[in-house]
Amino acid sequence: MKHLAITAAVLALATPAFAEYPERAIEVTIPAPAGGGTDTSARKLATLLEEELGTSIAILNVAGGGGSVGVTQFMLQKPTGYSLLATWNSPITTVPQVQQTAYQPDSFTPIASTSETAYTLCVKPDFPADTGEAFLEELAANPGKYTYGNDGIGGTMQLAAERIFQSRGIEAVAIPFGGAGETLQNFLGGHVDIYGGSISPVLPYTETGEAKCLLVTSAAPVKALPQAAGLESLGLGDEETLLWRMVLGPAGMDADVVATLSAALEKTVSDPAYVEFLATKGEIPNVVTGAALTARVQGEYDALAKVAKALGLSQ
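What you see is a predicted model, and the numbers here were worked out from it, not measured in a lab. (Residues numbered from 1 in each chain as written. Predicted model: local features only at pLDDT ≥ 70, side-chain atom pairs only at ≥ 80, totals over all residues. Heavy atoms only, no water.)

Novice: Explanation requested: the nonpolar core in the structure shown.
Specialist: A general feature of soluble globular proteins is that nonpolar side chains tend to end up buried together. By size, the foremost hydrophobic cluster in this structure holds 30 residues, and its most contacted members are Ile92, Phe108, Val202 and Leu225. At the level of secondary structure, the elements contributing two or more residues to this core comprise α3 (68-74), β4 (108-123), α8 (180-188), α9 (199-207), β8 (212-216), β9 (242-250) and α12 (290-310). Of the residues forming this core, the biggest block, four residues, is contributed by β9. Not counting the four nearest positions on each side in its chain, Ile92 is found in contact with Val71, Thr87, Tyr103, Pro105, Phe108, Met246, Leu248, Val297 and Tyr301. Counting residues in each nonpolar core, the second largest holds 29 residues, with Val28, Ala264, Leu265 and Val269 among its members. (Core = buried A, V, L, I, M, F, W, Y, C linked by side-chain atoms within 4.5 Å. Buried < 20%, exposed > 50% of the residue type's maximum accessible area, 1.4 Å probe, protein only. Helix = DSSP H or I, 4+ residues; strand = E, 2+ residues; numbered from the N terminus. Contact = heavy atoms within 4.5 Å.)

Novice: Just to check I follow, could you spell out the state of the cysteines for this structure?
Specialist: Two cysteines, two sulfur atoms, one covalent bond between them: this is a disulfide. Scanning the model with the defined rule gives one disulfide in all. A disulfide bridge connects Cys122 with Cys213, and the sulfur atoms are separated by 2.0 Å. Measuring the twist about the S-S bond at about 90 degrees, one finds the Cys122-Cys213 disulfide to be right-handed. Residue Cys122 is located in strand β4, and its partner Cys213 is located in strand β8; the two are separated by 91 residues in the primary sequence. Residue Cys122 is classed as buried on the basis of its relative accessible area of 0%. Using a relative accessible area of 4% as the deciding quantity, one classes Cys213 as buried. (Disulfide = S-S within 2.5 Å.)

Novice: Please explain the packing of aromatic side chains as it appears in this structure.
Specialist: Aromatic rings in a pair are described by how distant their centres are and how their planes are angled relative to each other. A full pass over the atoms with the stated rule returns seven aromatic pairs. Where Phe127 meets Phe135, the ring centres are 5.8 Å apart and the plane angle is 50 degrees; that geometry is what we call tilted. The exposure class assigned to Phe127 is buried, which follows from its relative accessible area of 8%. Note on Phe127 and Tyr146: the rings are 5.0 Å apart at their centroids and 50 degrees apart in plane angle, and the pair reads as tilted. Of this pair, Phe127 sits in the loop between β4 and α6 (132-141) while Tyr146 sits in the loop between α6 and β5 (147-150), placing them 19 residues apart in sequence. Take Phe127 and Tyr146: they sit in the same class, and that class is buried. Grouping aromatic residues by their ring pairs yields a cluster made of Phe127, Phe135 and Tyr146. Positioned over the ring face of Phe187 is Lys124, at 5.2 Å from the centre of the ring. Taking the ring centre of Trp244 as reference, the NZ or CZ of Arg296 above it sits at 4.0 Å. (Phe/Tyr/Trp six-rings, centres within 6.5 Å; stacked < 30°, edge-to-face > 60°. Lys NZ or Arg CZ within 6 Å of the ring centre and 35° of its normal.)

Novice: Would you explain the environment of Ile30 in this entry?
Specialist: For Ile30, the position within the fold is in strand β1 (residues 26-30). Here the alpha-carbon distance between Ile30 and Ala63, two residues 33 residues apart in the chain, equals 7.7 Å. Contact partners of Ile30, with chain neighbours within four places excluded, come to Thr38, Asp39, Ala42, Ile59, Leu60, Asn61, Val62 and Ala86.

See below:
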């Protein structure tokens, strides 16, 4: 009876600890510099999440290595629920293909994805194609003639483009830059034939007629780019690659804490203020949790591994 009483007392003390999560501030690591797309999205989300969870959230930017530096540092955190990672997909599904990393997709606890957007391929107004199909046909007919800017060797944009090109037997020359902004400037300056990158930086130039975007890397078309074909319409829906964002925890987190965070994130992402914020960036909300998120991460990791191997980039 004495042992039972002690056990009951311990359980009584333990139960409120889980019920009261979070009891203190949460730290969110962003494996990117301040001011970038992932950073601004995560900070906006954190502001709304503070209200939903009733606690403060501190942001820690740890840039470098295409996100791998911050992700590797984050792995050292304990799985208490008070250390979270707000990242885009590339450091988890792409970087390990081309760099030696201390982590793999299963090194984390998936909590929730938050938003997504397509990459796009754009050309100058005088390019001899006005549709996605004609664009691919022109590239296929002229192997090695056209150059496309991208966000770095083995980056998600390059692998996204090559998934499409390989399926059509296309040979285009990849020119790496430091990010979408640098890619855009070199495209506008005539140093590369094709802009390959996220939608928001190039969008103003489609409105002024300085660029025409003929293809997006999503299966479905994107409303902001009416001239750009979605991959499904070209019979390439299985080659979809998106830029998407998610929140992860260290491996081994308590299931109740994960459920609390997942529910809070799902509610926060659907907040009209956040939906409106995403729209200004050409992104849409997309919440995936649990086993479905695990499958999404692993599926993309496996698909990009094949592309990286075909390009001779695999580590």
